[in-house]
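Here is what each chain is made of, one letter per residue.
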Amino acid sequence: MKYLSEWDQWKRYSSKSWKRFIGKAREMTTHLELWREDIRSIEGKFGTGIQSYFSFLRFLVLLNLVIFLIIFMLVLLPVLLTKYNITNSTFVLIPSKDTDVQCTVYPISSSGLIYFYSYVIDLLSGTGFLEETCLFYGHYTIDGVKFQNFTYDLPLAYLLSTIAYLALSLLWIVKRSVEGFKINLIRSEEHFQSYCNKIFAGWDFCITNRSMADLKHSSLRYELRADLEEERIRQKIAERTSEETIRIYSLRLFLNCIVLAVLAACFYAIYRATIFSQEHMKKEIDKMVFGENLLILYLPSIVITLANFITPMIFAKIIHYEDYSPGFEIRLTILRCVFMRLATICVLVFTLGSKITSCDNYSCELCGYNQKLYPCWETQVGQEMYKLMIFDLIIILAVTLFVDFPRKLLVTYCSSWKLIQCWGQQEFAIPDNVLGIVYGQTICWIGAFFSPLLPAIATLKFIIIFYVKEMSLLYTCRPSPRQFRASNSNFFFLLVLLIGLCLAIIPLTISMARIPSSKACGPFTNFNTTWEVVPKTVSTFPSSLQSLVYGVTSEAFAVPFFMIICLIMFYFIALAGAHKRVVVQLREQLSLESRDKRYLIQKLTEAQKDMKNRLDWQ
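For every chain, the first residue of its written sequence is number 1, and the numbers climb from 1 along that sequence. A pLDDT threshold of at least 70 governs which residues receive local features in this predicted model, and a stricter bar of 80 or more applies before side-chain atom pairs are shown or counted, although totals over entire chains, interfaces and linings include all residues. Based on all heavy atoms of the structure, the side-chain values leave hydrogens and waters out of the count.

By the naming in an unreviewed UniProt entry, the chain goes by Transmembrane channel-like protein and is assigned to Neomonachus schauinslandi. UniProt positions are given in the numbering used here, feature names are shortened, and annotations may be inferred rather than shown by experiment. Turning to the chain, the UniProt annotation filed under Subcellular location (unreviewed entry) states: "Membrane". If you open the UniProt record of the chain and go to Sequence similarities (unreviewed entry), you find "Belongs to the TMC family."

J.: Honestly, the overall build of the chain in this entry has me stumped. Any pointers?
T.: Helix and strand assignments follow DSSP, with helices taken as H or I runs no shorter than four residues and strands as E runs no shorter than two, numbered in order from the N terminus. Secondary structure assignment for the chain yields 19 helices and 5 strands. A buried classification covers 43% of the 618 residues belonging to the chain. By definition in these notes, contact holds between two residues if any of their heavy atoms fall within 4.5 Å. Restricting the contact set of the chain to residue pairs at least 6 apart, pairs at least 24 apart contribute 77%. Accessible surface is estimated by sampling points in the Shrake-Rupley manner with a 1.4 Å probe; for residues, cover comes only from the protein chains shown. Only carbon and sulfur atoms are counted for the fraction: they give 66% of the accessible area of the chain, which is about 35300 Å². Classification of residues uses two cut-offs on accessible area relative to the type maximum, computed with a 1.4 Å probe and protein chains only: under 20% is buried, over 50% is exposed, and between them is partly exposed.

J.: What is the right way to look at the packing of aromatic side chains in this model?
T.: Two measures describe an aromatic ring pair: the distance that separates the ring centres and the angle between the ring planes. To pair, rings of Phe, Tyr and Trp, with the six-membered ring standing in for Trp, must have centres within 6.5 Å; the planes then decide the type, stacked if under 30 degrees apart, edge-to-face if over 60, and tilted in the middle. In total, this model carries 20 aromatic pairs according to the counting rule given. With a centroid separation of 5.1 Å and 85 degrees between ring planes, the pair formed by phenylalanine 449 and phenylalanine 450 is classed as edge-to-face. With relative accessibility at 1%, the residue phenylalanine 449 sits in the buried group. Between phenylalanine 466 and tyrosine 467, the ring centres sit 5.7 Å apart and the planes meet at 85 degrees, which makes this aromatic pair edge-to-face. Given a relative accessible area of 41%, tyrosine 467 falls into the partly exposed group. In this structure an aromatic cluster arises from ring pairing among Tyr137, Tyr140, Tyr158, Trp377, Phe449, Phe450, Phe524 and Phe527. The positively charged end of arginine 176 is found above the aromatic ring belonging to phenylalanine 59, 4.4 Å away from the centroid. Placement of a charge over a ring requires the Lys NZ or Arg CZ to be within 6 Å of the ring centre, with the centre-to-atom vector within 35 degrees of the ring normal. Sitting above the plane of the tyrosine 439 ring, arginine 341 keeps its charged end 5.7 Å from the centroid.

J.: I would appreciate a short explanation of the pattern of salt bridges in the present structure.
T.: One side chain can pair with another of opposite charge once the charged atoms of both are near each other. A carboxyl oxygen of Asp or Glu within 4 Å of a side-chain nitrogen of Lys or Arg is what we treat as a salt bridge. As enumerated under the stated definition, the model contains 4 salt bridges in all. The salt bridge involving arginine 36 is made with glutamate 37; its shortest N-O contact spans 3.0 Å.

J.: Can you help me understand the sheet that holds strand 2 (residues 144-146) in this one?
T.: As a general point, the strands of a sheet are linked pairwise by backbone hydrogen bonds and lie either parallel or antiparallel. In this description, strands pair whenever DSSP reports at least two bridges between them. With antiparallel pairing, 3 strands are arranged side by side in an open sheet as 1-2-3. With partners counted over all chains shown, the strands left at the sheet margins are strand 1 (90-92) and strand 3 (151-153), one partner each. Taking the axes of each pair of neighbouring strands and ignoring which way they run, one obtains an average angle of 25 degrees across the sheet. Angular values range over 0 to 180 degrees, each being the angle between N-to-C directions of two axes fitted as lines to C-alpha atoms, with helices fitted over their stretch in contact. Of the strands in this sheet, strand 1, strand 2 and strand 3 are in contact with helix 3 (residues 48-83), which crosses strand 1 at around 125 degrees.

J.: Mind showing me how you'd approach the nonpolar core here?
T.: The nonpolar side chains of a soluble globular protein tend to be buried, and buried together. Ranked by size, the top nonpolar core spans 121 residues in total, and within it Phe54, Phe56, Tyr165 and Trp445 carry the most contacts. When residues of this core are assigned to their parent elements, the largest contribution, 15 residues, is made by helix 3. Not counting chain neighbours up to four residues away, the residues in contact with tyrosine 165 comprise Ile67, Ile70, Ile71, Trp445, Ala448, Phe449 and Leu508. In these notes, a set of buried Ala, Val, Leu, Ile, Met, Phe, Trp, Tyr and Cys residues joined through side-chain atoms within 4.5 Å is what counts as a nonpolar core.

J.: Is there a simple way to explain the side chain of serine 518 in this structure?
T.: Counting through the fold element by element, serine 518 comes out in the loop between helix 16 (486-513) and helix 17 (533-538). With relative accessibility at 0%, the residue serine 518 sits in the buried group. Throughout this description, a polar contact denotes any pair of N or O atoms lying within 3.5 Å of each other; where both atoms belong to protein, one of them has to be capable of donating a hydrogen while the other can accept it, and for residues adjacent in sequence the pair is counted only when both atoms sit in side chains. Of the polar contacts made by the side chain of serine 518, one reaches the backbone nitrogen of tryptophan 377; its length is 3.2 Å. Discounting residues that sit within four places of it in the chain, serine 518 has contacts with Tyr369, Pro375, Cys376, Trp377, Glu378, Phe524 and Thr525.

J.: Any chance you could explain a nonpolar patch on the surface here in plain terms?
T.: Each patch groups residues whose relative accessible area exceeds 30% and which form no salt bridge, using 9 Å between like charges and 5 Å between nonpolar side chains of Val, Leu, Ile, Met, Phe, Trp and Tyr. The grouping of Phe541, Leu545, Leu548, Val552, Phe557, Phe561, Ile564, Ile565, Ile568, Tyr571, Phe572 and Leu575 at the surface amounts to a nonpolar patch, some 1100 Å² of accessible area in total. Among the secondary structure elements, those contributing two or more residues to the nonpolar patch are helix 18 (543-552) and helix 19 (555-617). Per element, the largest residue contribution to the nonpolar patch is 8 residues, and it comes from helix 19.

J.: What is the right way to read the state of the cysteines from this model?
T.: Between two cysteines, a covalent bond joining their sulfur atoms is known as a disulfide. Note that a disulfide, as used here, is simply two cysteine sulfur atoms within 2.5 Å. In total, this model carries 1 disulfide according to the counting rule given. Residue pairing for cysteine 376: its cysteine sulfur links by disulfide to cysteine 521, the two sulfurs lying 1.8 Å apart. Judged by the sign of its S-S torsion, about 85 degrees, the cystine formed by cysteine 376 and cysteine 521 is right-handed. With cysteine 376 in the loop between helix 11 (363-367) and helix 12 (377-413) and cysteine 521 in the loop between helix 16 and helix 17, the pair connects residues that are 145 residues apart, well separated along the chain.

J.: I would appreciate a short explanation of the environment of leucine 460 in the present structure.
T.: Tracing the sequence through the fold places leucine 460 in helix 15 (residues 454-476). In this structure leucine 460 comes out as exposed when scored by relative accessible area, which is 56%. The spatial distance from the C-alpha of leucine 460 to the C-alpha of valine 61 is 8.1 Å, given a sequence separation of 399 residues.

J.: Help me understand the UniProt feature "transmembrane region" (unreviewed entry) in the chain, please; the structure alone is not making it clear to me.
T.: When the UniProt feature table is mapped onto this chain, "transmembrane region" (unreviewed entry) is found at residues 56-81, 156-174, 253-274, 295-321, 385-403, 445-468, 489-510 and 557-578. Secondary structure over residues 56-81 splits into 100% helix and 0% strand, and the C-alpha atoms at its two ends are 35 Å apart. Taken end to end, residues 445-468 is 75% helix and 0% strand, and its first and last C-alpha atoms sit 23 Å apart.

J.: Just to check I follow, could you spell out helix 14 (residues 430-447) for this structure?
T.: Side chains three or four residues apart in an α-helix point the same way, a direct result of the helix having 3.6 residues per turn. The span one expects for a helix is its residue count, reduced by one, times 1.5 Å. In this model, helix 14 (18 residues) spans 26 Å end to end at C-alpha, consistent with the 26 Å of a helix rising 1.5 Å per residue. For helix 14, a buried count of 17 out of 18 residues is recorded, marking the element as mostly surrounded by other parts of the structure.

J.: Mind showing me how you'd approach the packing of helix 3 against helix 15 here?
T.: Axes are the key here: two packed helices are described by the angle between their axes and the distance separating the axes. Packing of helix 3 against helix 15 leaves a shortest axis separation of 8 Å and a crossing angle of 160 degrees. Our classification of the angle between helix 3 and helix 15 gives roughly antiparallel. Two packed elements cross with a definite hand, and for helix 3 against helix 15 that hand is left-handed. Residues Ile50, Tyr53, Phe54, Leu57, Leu60, Val61, Asn64, Leu65, Ile67, Phe68 and Ile71 of helix 3 form the contact with helix 15, whose own contacting residues are Pro455, Ala456, Ala458, Thr459, Phe462, Ile463, Ile465, Phe466, Lys469, Glu470 and Leu473. Oblique is the label for any angle not under 35 degrees, not over 145, and not in the 65 to 115 range, which are roughly parallel, roughly antiparallel and roughly perpendicular in turn. Each helix crossing is assigned a hand: it is left-handed if the near helix lies turned anticlockwise from the far helix by less than a right angle, otherwise right-handed if that turn is clockwise.

J.: What is the right way to read the environment of valine 92 from this model?
T.: With respect to the element layout, valine 92 can be found in strand 1. Judged by relative accessible area, valine 92 falls into the partly exposed class, the value being 23%. Linking valine 92 and valine 145, residues 53 residues apart in sequence, is a C-alpha distance of 5.5 Å. Discounting residues that sit within four places of it in the chain, valine 92 has contacts with Ile142, Asp143, Gly144, Val145, Lys146 and Thr151.

Now the structure itself:
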């Protein structure tokens with residue numbers, strides 16, 4: 001036996017103690033996990049598919065909270081510390097520049113509103129008294145905050161906060177997607193392996209509570225039902241004849257043409273609604289009645305919400321005739337709905353962009369944008385995102401209270417009516433619910449630059465949605481008769497969210513790099529575009545650091561770097577392919593060994609039978 005020195009013994013003891021401490025810390029953090037008991041209870045009662053939706057919603061709550069903290073620390077906190085004289089600091093006003101006076105005019109609505117409904121309109125649309133608060137971009141019309149030893153550059157901090165929350169969202173989503181992809185890859189390799197894992201290794205022997213054991217039983221039962229349902233679909237597909245295959249593919253082609261027609265009609269309706277709203281929204285409030293004013297302000301939001309509400313129902317009806325497996329049915333429905341929902345936001349944003357940068361008068365040439373209609377266009381874009389966020393929450397609450405609960409009461413107490421029997425009890429539609437929160441998160445990503453407090457609103461919104469959806473699920477919904485596995489869906493939910501993030505980055509990049517910044521409001525009034533603050537900051541660096549930055553961003557560095565990245569990527573792809581071939585060979589070897597054992601057992605059984613027969617003859 002090898003003798004260990006005192007130093008080696010101490011290192012081994014320290015390593016074991018540290019591992020034990022890490023294990024205990026992880027165990028404690030699981031008890032502090034947000035909504036842990038609620039989500040585990042939902043998993044046992046309704047399966048892992050619906051549980052994955054609530055876990056996904058919890059992830060978005062945490063993500064928006066972190067985004068809000070980033071914006072608060074970089075932008076809001078220095079402004080609030082100076083505004084309320086908490087620190088010995090002062091605002092640095094934006095120095096005057098050779099800008100035409102016409103471009104700096106910003107007519108803010110009067111705060112002396114007469115009617116109560118005007119306050120309601122301001123609260124719902126972000127206009128009036130809310131327009132002057134720190135909720136919107138136009139409030140931050142300062143160049144910096146001067147502390148005792150340094151000057152805080154607010155324009156640079158504002159831009160960096162946007163880059164920081166986009167980068168954080170990308171890294172966090174990719175990290176969770178990679179973890180889900182690993183699980184998905186392991187579970188999708190062999191279906192028989194999935195059955196064995198659930199039957200022989202699916203039980204948690206640490207469970208001692210009777211209720212938790214029942215929940216675990218229910219969860220395993222739902223998983224097995226989902227596996228059997230997908231196996232039935234695969235067997236049905238394998239047994240199709242050539243005539244049935246041609247028929248189903250022809251039907252799918254026709255139905256996809258219908259889907260494209262529905263999408264085109266929705267996009268055109270949103271475009272026309274946005275144009276109409278922008279052309280009529282500048283009328284005075286006292287010249288309109290309450291309903292007319294609110295309808296014009298919310299017309300794009302109403303059309304988008306109606307499109308998002310109607311199209312998932314159309315897609316859900318269409319998908320039933322395409323004869324897909326439950327898992328693929330969920331993913332294809334989500335893919336269609338995500339294209340619909342996210343494309344509607346892009347249509348709205350690009351329609352606003354076209355109106356901002358085009359006009360018939362001289363102000364477009366003078367200011368670079370339509371200053372007459374959009375004196376502070378960043379704030380007005382933020383107001384559109386704010387209205388979409390608020391209206392989406394109102395619709396979710398209204399549908400739950402005035403549709404789902406009355407439907408449950410009718411199904412419970414009027415079940416003898418034929419119409420109620422056809423309508424049936426509400427099912428928890430996972431695609432529609434997932435797309436609802438992805439839609440809200442995309443609005444938050446786009447609008448956080450124009451409305452810095454929008455992530456805080458999104459956090460409160462998702463918390464409310466969690467409890468509303470939980471109550472609706474427990475008291476008004478029933479488990480879907482068609483089960484599906486959540487292992488694939490968890491990864492697919494994050495993939496859809498990643499698509500939403502990429503689509504959100506496109507209009508933000510265009511607005512920061514291409515559209516001229518407002519000359520009447522915001523921290524970038526002295527810059528032609530928002531991105532110009534970066535080269536101005538780099539010009540203040542020492543000459544050696546400037547040369548380094550210019551060298552890293554030059555083509556001479558970018559081309560070799562891209563080639564090296566491609567070579568590394570090709571190496572890892574080849575390595576992954578080699579590992580996959582080794583895994584396939586090992587599986588074939590295990591299969592051959594199992595056949596050899598089966599053959600030997602068969603021969604042994606035959607030999608035993610022959611020996612028994614000989615003894616009987618003797």
